[in-house]
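# Observations on the three-dimensional arrangement
The residues making up each chain are set out below.
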Amino acid sequence: MKFRINQMAAAIAVLGASSMVPAAAADGVAAAGSEQPTQLEPVVIEDTRLQPVPAASQVEEETLRALRPATSDTASLLRDVPGVQLQGAGGVSSLPVIRGLADDRNRITVDGMDLIASCPNHMNPPLSYLDPNGVSKLRVYPGVTPVSLGGDSIGGTIIAESLAPRFAAPGQDLLASGQVGAFYRSNGNAWGGNLSAVLANENLSANFSAATAKADNYTAGGDFKNFTATGNPGHTLARDEVGSTAYETHNYQFGLAYQQRDHLLEFKYAYQDMPEQLFPNQRMDMLGNTANRFNLRYLGQYDWGQFEARAYYETVDHLMDFGPDKRFYYGMASGGHNAVNGMPCSPISATCAAGMPMKTNSNTSGVTVRADVNLGVNDLLRAGGLYQHYRLDDYWPPSGGGMWPLSFDNINDGTRDRLGVFGEWESRLDAQWTTLLGVRYERVTTDAGPVQGYNPNINFTGMPPMRMYNNQQADAAAFNAQDRKRSDNNWDLTALARYALDTQTDLEVAVARKTRSPNLYERYTWSTWSMAAAMNNFAGDGNGYYGDIDLDPEVAYTLSASVDWHATDRSWQLRATPYYTRVKDYIDAIRCNNTTTCPPPNATTTNQFVILQYANQSAELYGIDVSGELPLARSDIGNFGLNGVLSYTYGKNRDTGDGLYNIMPFNARLTLSHRYGGWDNAVEFVGATSKDHLSDVRNEIGTAGYGLLNLRASYSWKQARLDVGVDNVFDRLYYLPLGGAYTGQGTTMMLNTIPWGIAVPGMGRSVYTGVSFKL
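Residues numbered from 1 in each chain as written. Predicted model: local features only at pLDDT ≥ 70, side-chain atom pairs only at ≥ 80, totals over all residues. Heavy atoms only, no water.

### Observations regarding the overall build of the chain
Applicable threshold: We count a stretch as a helix when DSSP gives it H or I for four or more residues in a row; a strand needs E for two or more, and each element gets its number in order from the N terminus. Within these notes, the globule rule equals 2.2 Å times the number of residues to the 0.38 power, and the radius of gyration is based on C-alpha atoms. Only protein chains enter the accessibility calculation, which uses a 1.4 Å probe; a residue whose area is less than 20% of its type maximum is buried, one above 50% is exposed, and one in between is partly exposed. Whether two residues are in contact is decided by their heavy atoms, any of which lying within 4.5 Å being enough. Computed by Shrake-Rupley with a 1.4 Å probe, the accessible areas treat only the displayed protein chains as cover when residues are assessed. In this tally, Lys and Arg are treated as positive and Asp and Glu as negative; His is ignored, and so are the chain termini. All charge positions are set by atom: Lys at NZ, Arg at CZ, Asp at CG, Glu at CD.
When you go through the chain residue by residue, the secondary structure sums to six helices and 33 strands. Expected size for 775 residues packed as a compact globule is a radius of gyration near 28 Å; at 26 Å, the chain falls within 12% of this value. Dimensions of the chain, computed from C-alpha atoms along their principal axes, come out at roughly 85 × 55 × 50 Å. Relative to its full complement of 775 residues, the chain shows a buried share of 58%. When contacts within the chain are restricted to residue pairs at least 6 apart in sequence, long-range pairs at least 24 apart make up 72% of them. Accessible surface computed for the chain: about 28900 Å², of which carbon and sulfur atoms make up 58%. For the chain, the centre of its 60 positive side-chain charges and the centre of its 78 negative side-chain charges are spaced 0 Å apart.

Given below as structure tokens:
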């Protein structure tokens, strides 16, 4: 069936997005819709159209509106999605975790682009490039993912979309509209604003959006440390202040789109300027991140189905150094590394180090194509491919002391290329059975150039104490002598069946093989020197890491089953999904036990930070996700409802018996909602049990169980909305199970000159408000 793009909006309004009008088509619908869809031609809608398989967990628009005033971290908008947790990082850069698999193990696309974190600490993950107010759609495919939406990942897929273009309705001369908003949050003195505007006729649309957010350090619900020093003279932090949690970010986007009958051409340019984002679980802070993104897309409807093509290009310039809460001056002229405070010194020299700048430059270019071919009323074929080229330079300019006199090449001329194709067949066999079969192939090629240390002549033998265990020359020589180019041939397979037992019960079973190649930091970081290794860490555990050129791709085999009980009209529902995943060549870590290059206690210590090397091992994860909603009462004072999510995940290294790192313990989120007229109110309980199944090889820090109470309320008028809320009402002191180790203040350059054993605490009580106006 052939739809004109503006007609499709009416179809979607009735059916919701279906697989015969797949996710990509729904994007075109949003792009082509208008506030007053008048003069639409009649649309014939057939009840036999396929429903999406597997179904995505979509963050509802009302949830987005409610959460935006409470957060500047787009990843946190996923907090109500079953199976999704957040690994702590900076204030706008949390890393999504899907069923125990985090960060690069999940595919995350922003407006169809596969963006890559260009930082040895992954401070700029894909979702950090979107402000929460700039998100129009957010969908998650946990676990088993259609191959058309997967690739180079073993966890799940997250699809984020910015504001879509809008067009004037047929016969309308001009569409001009906009929106402005602002927020304030008491804890951390966070504030910000946003605006958007659109000007369009029937065929041409131009839009612009801008958002800014700024915050100071937040405070915990009580004292969590017994020291106040930051390493900088005259600057201390209160014992309940969580150091290095401030941030400032600015995001802008311009869009231009043209539609003509069955065709849509869209261009987006986005720019980010992030002057500062401090990190409480890293030894460095982001002191600059600028990114430019260019995104061109074509979407067309044809008699046989739909075709979509996209080309994109991104550049990133990233700077790290010690922020205001971490010691800046080092070297004997500053008092030596054992001094509580580093005294200012100049000029930089072998005895005076002024910070430790770390620079990263990258560019990413990509092309994707996809065709959805209607094979009949009950069958749909999806086919497509991609090519992506990624180039990375990560270097650390000389700053004096041990970082002298040359630049340190962390990764020199790193490249990572992906070339992939997929085919997927979705079929409804009868009124009860729906199946999905897919296969995907990707070739991933990585390489890196030769490297050098700060001083190629520095080796362990005969060096003074500050330069012990600094084997830069030998490490660089060993790395440079190797053939560093690697090519991986990766296969993904997905099979799924859904059975409608009756009008209130759906059953689903799915199996998948998914493959991910190592990222550049896992393969090509090379120095065992503890200071350099400590700067290579995207786990947030305070340890140091270095890579292995010979790492193999991770291959995950997943089995999941779902039972979905629901009312015929979906007014109530309960869904449970147990799952099991076994990962061959899981990239875990092993202790560096070479006493020539690593401090002697490194191999055996249980209460210090350590040096680790990435290594392939075998792992397994299993658990269950449960979600549901239930209307409680309809009365003269409003409608009451209850919804909740609970999750449990267990992860183990099958080779060592050790726990996998950063596995969220049993946790739950229950919300009592109330709606009356323009009011939308909620009382929310959030809780987790203690985290005591730990990664011993990392000396992972456990956390105690906790329970929190949150309150929020909003009132909506036709053109305005007001939100107020209180998070952590009782100001509880608790620790983030996935927050990592607290390294937010002090002498963070050296591995063990800051206390070990303090987890990053969560935020104490925070009162917030937000307001928005439609123009």
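From this point, the discussion proceeds with the structure in view.
### Points about the confidence of the model for the chain
Inclusion rule: What pLDDT conveys is the predictor's confidence in a given residue, as a value from 0 to 100.
Taken residue by residue, the chain gives an average pLDDT of 92. The fraction at 70 or more is 92%. pLDDT under 50 marks residues 1-51. Its contacts with residues more than four places away, or in other chains, come to 125 contacts. Below pLDDT 50 for its whole length, residues 460-468 participates in 14 contacts with residues either more than four positions away or in separate chains.

### So, the pairing of strand β31 (residues 706-716)
Two faces, one strand: in a regular strand the side chains alternate between the faces of the sheet. Counted only if it meets this: Here, a strand pair is defined by DSSP locating no fewer than two bridges between the strands.
Here strand β30 (residues 679-688) pairs with β31 via ten bridges, running antiparallel. Each residue of the ladder has a partner; that of Trp679, found in β31, is Tyr715. Here six bridges tie β31 to strand β32 (residues 720-727), and the two strands are oriented antiparallel to one another. Counted as the bridge partner of Arg712 is Gly725 from β32.

### Digging into unusual backbone geometry
The peptide bond linking Ser346 to Pro347 adopts the cis configuration, its omega dihedral lying at -10°. With an omega of 5°, the peptide bond between Trp404 and Pro405 qualifies as cis. Structurally, Pro405 can be placed in the loop between β19 (379-396) and β20 (408-428). With a phi angle near 50°, Arg261 is a residue other than glycine that sits in the positive phi range. Although it is not a glycine, Asp585 adopts a positive phi angle of roughly 60°. Structurally, Asp585 can be placed in strand β26 (residues 573-591).

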